[in-house]
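Structural characterization, general
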Amino acid sequence: MIAAADLRKSYKDQPALRGVSFSVASGELYAYLGPNGAGKTTTIRIMTGLTRPDSGTALVAGRDLLRDPKAKAGVGMVAQTINLDMELTVAENLDIHGRLFGMSRTRRREKAAEWLGRVELSGRADSQVKTLSGGLRRRVMIARALMHEPAALFLDEPTVGLDADIRRQIWALIKDLQASGVAIFLTTHYIEEAEALADRVAFLRDGLITATDTPRNLIEAIGAWAAVDLTGKSPAAFFQERADAMAHAACQAGGVAVRPTSLEDAYLRAMGSGVLEPDACLEAKAGPAATTTSGGAR
Amino acid sequence: MIQGALAVYYREMALMRRRGFRLLAGMAVSPLLYFVTFGQAVGRTAQMDGVSYAAFLLPGLVAMNSMMQAYSMASEINISRFYFRIFDEFMASPIGPAAYVLGEVMAGVTRGLAASAVIVLMGTLFGVDFQAGPLFWLGAMLNAFFFAGLAVAMAMVVRTHQDQATLTNFVITPMAFLGGTFFPVEKLPGLAAAAVWFLPLTHASRAIRLASQGRPVPYVEWALLAGAGLLCLLLAMRLTRRVQD
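A brief look at the structure comes next. Here the residue index of a chain counts from 1 through its sequence in written order. Numbering of ligands from 1 and lettering of chains from A proceed in the order in which they are written. Residue-level local features of this predicted model are given only where pLDDT is at least 70; pairs of side-chain atoms are given and counted only at 80 or more, and the full residue set underlies all totals for whole chains, interfaces and linings. To get the side-chain values, take all heavy atoms of the structure and skip hydrogens and water.

Here we come to the sheet that holds strand β12 (residues 237-239) of chain A. Residues and elements named next belong to chain A. Two strands qualify as a pair provided DSSP detects at least 2 bridges between them. Helix and strand assignments follow DSSP, with helices taken as H or I runs no shorter than four residues and strands as E runs no shorter than two, numbered in order from the N terminus. One open sheet holds the three strands; their spatial order is β12-β11-β13, and the pairing between them is antiparallel. Edge positions in the open sheet fall to β12 and β13 (256-260), since each of these has one partner strand only. When the angles between neighbouring strand axes are averaged without regard to direction, this sheet yields 25 degrees. The pairing of strand β11 (residues 225-229) with β12 spans three bridges and is classified as antiparallel. Paired with Trp 225 across the two strands is Phe 239, which belongs to β12. Structural elements are reduced to axes, namely lines fitted to C-alpha atoms, with helices fitted over the stretch in contact, and the angle between N-to-C directions of any two is expressed from 0 to 180 degrees.

Right, here's the structure in full:
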């Protein structure tokens, strides 16, 4: 449903993307993780037709976004910034979006009512956007992005700045969309968000995808156990066996916790942090287990 | 393309309706001050070009105010582009850059005509002797068309609000004072008098002023305003397309 092949983009000789390829199937949620400046926003801007790549192809529902502007009708986007008209009402914002996507008046009204219902904002249609909270504005943006029934939805950090409760509500909405068959491309800085929602995750570093897989496989690739220095002075070490992690922790000066690995560990490892192999300490010493904060097999 | 342009235009009109009185008051304050100060206080008994100074000044204010309001689209677009990021909503839709520009220019023309209507109302209330026939409005419309196109083009070039303010200070404000609003440009000294004929506002002021006095407007004025407006429209379309690169 979404397919990108060898996307490349430079800004004044500074490469932002260096050959990025991925595909997202209908009903799949693909999370795209990377540090600031890795190329996440550039990717999403290319895939929503906001920026032209230097080379590569970008397809949505089989249509080439770069050659066929009408292909944008198959794309929905929820930007990181709240880009609603604050002075206008919720209904007016949705109506303008429907007009931009060539929807008839009847269909605009039907779809606006339907989507405001789905995001639980039916009673706020006539409220000016500036009177809504951040969480409600984000819901309006989701309703707006979906009212023209796109095949692909791009979410650029959709829960940034929202409190945990609202974030969970947005997650539930995203899961509903996924179940309805929309291909979803998500960028986020919240690793737990990707872990909770994504079917597959890609790690992006310096304009290149360094790993793509299911969250489970990405975690397993670094080992089941992490020994983490609680002071943050030493990098985390990852182990397949808990006993090895405990032994490694025992070698350290103290303040080392052993716990099951997470997607965040896999991400940090992909970004060049942490070590996959135990250091010389493990070979030199053998002793009792150090501090343990988490136990039990995963 | 028309459907997309109408969507953009509809959004601008919705905002205009929402701002209502605030917007109209903003359109009226400066010209009212100019009109009261120069037209009524200073020029009550003065004559210019064979008419009262108030009758001379009024079409100049129409040209200036329609220019200002049409050009204010540049600030609106800048705010929507850099602050609210609503510009991305347009660019991510299937309407295309040409439709976007056309919609914004149509909105600029509407603002220009509304600003002209405010001056006409003001002149009527003050009992100024002038005619606001079809050619008068054609002049105001072509003037707004040119400056709305220029506004969209400039909005695609500037990078910050500060750039926008600088451009307004160095281009639009001098034009407002030198483009035949307050005095006949022939009164300027030699080279300056020749130079101001390169300003579009000079031609707009002249066309609107002649029409307001019921005198014939040379075809060249219409051709210049329409041609320059069309060039700005095409330039704006080209620059908007470039924003995506």
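All names here are of chain A. Along the chain, Thr 261 falls in the loop between β13 and α9 (263-270). Summary of the burial criterion: residues with accessible area below 20% of their type's maximum are buried, those above 50% are exposed, and those between are partly exposed, where the area comes from a 1.4 Å probe applied to protein chains only. Among the residues examined, Thr 261 registers a relative accessible area of 2% and is labelled buried. In protein, a polar contact requires one atom able to donate a hydrogen and another able to accept it; more generally it is a pair of N or O atoms within 3.5 Å, and residues adjacent in sequence count only if both atoms are side-chain atoms. One polar contact links the side chain of Thr 261 to the main-chain carbonyl oxygen of Gly 223, over a distance of 2.7 Å.

Here, residues are in contact when the closest pair of their heavy atoms is within 4.5 Å. Contact with chain B, which involves 23 residues of that partner, is made by 30 residues of chain A. Both sides together, the interface formed by chain B and chain A hides about 2500 Å², and carbon and sulfur atoms give 53% of it. When the area that chain B buries against chain A is broken down by residue, the three leading residues are Arg 18, Glu 89 and Pro 94 of chain B, summing to 26%. Salt bridge, as used here, is a side-chain nitrogen of Lys or Arg placed within 4 Å of a carboxyl oxygen of Asp or Glu. At the boundary of chain B with chain A, the tally comes to six salt bridges. With its nearest N and O atoms 3.2 Å apart, the salt bridge here joins Asp 88 of chain B to Arg 45 of chain A. Viewed at the interface, chain A and chain B are joined by nine residue pairs in polar contact (both at pLDDT 80 or more). Only α1 (2-42) and α4 (86-91) of chain B provide two or more residues apiece to the side of chain B that touches chain A. Counting residues per element, the side of chain B that touches chain A draws most heavily on α1 of chain B, which supplies 10 residues. Gly is put with the polar residues, along with every residue not named as nonpolar or charged; the nonpolar set is Ala, Val, Leu, Ile, Met, Phe, Trp, Tyr, Cys and Pro, and the charged set is Asp, Glu, Lys and Arg. Here the side of chain B that touches chain A is built from residues that sort into 12 nonpolar, three polar and eight charged. In short, buried area is how much 1.4 Å probe accessible area vanishes from two parts on joining, totalled over both.

Take it as geometry only, folks, not as evidence of what the structure does.
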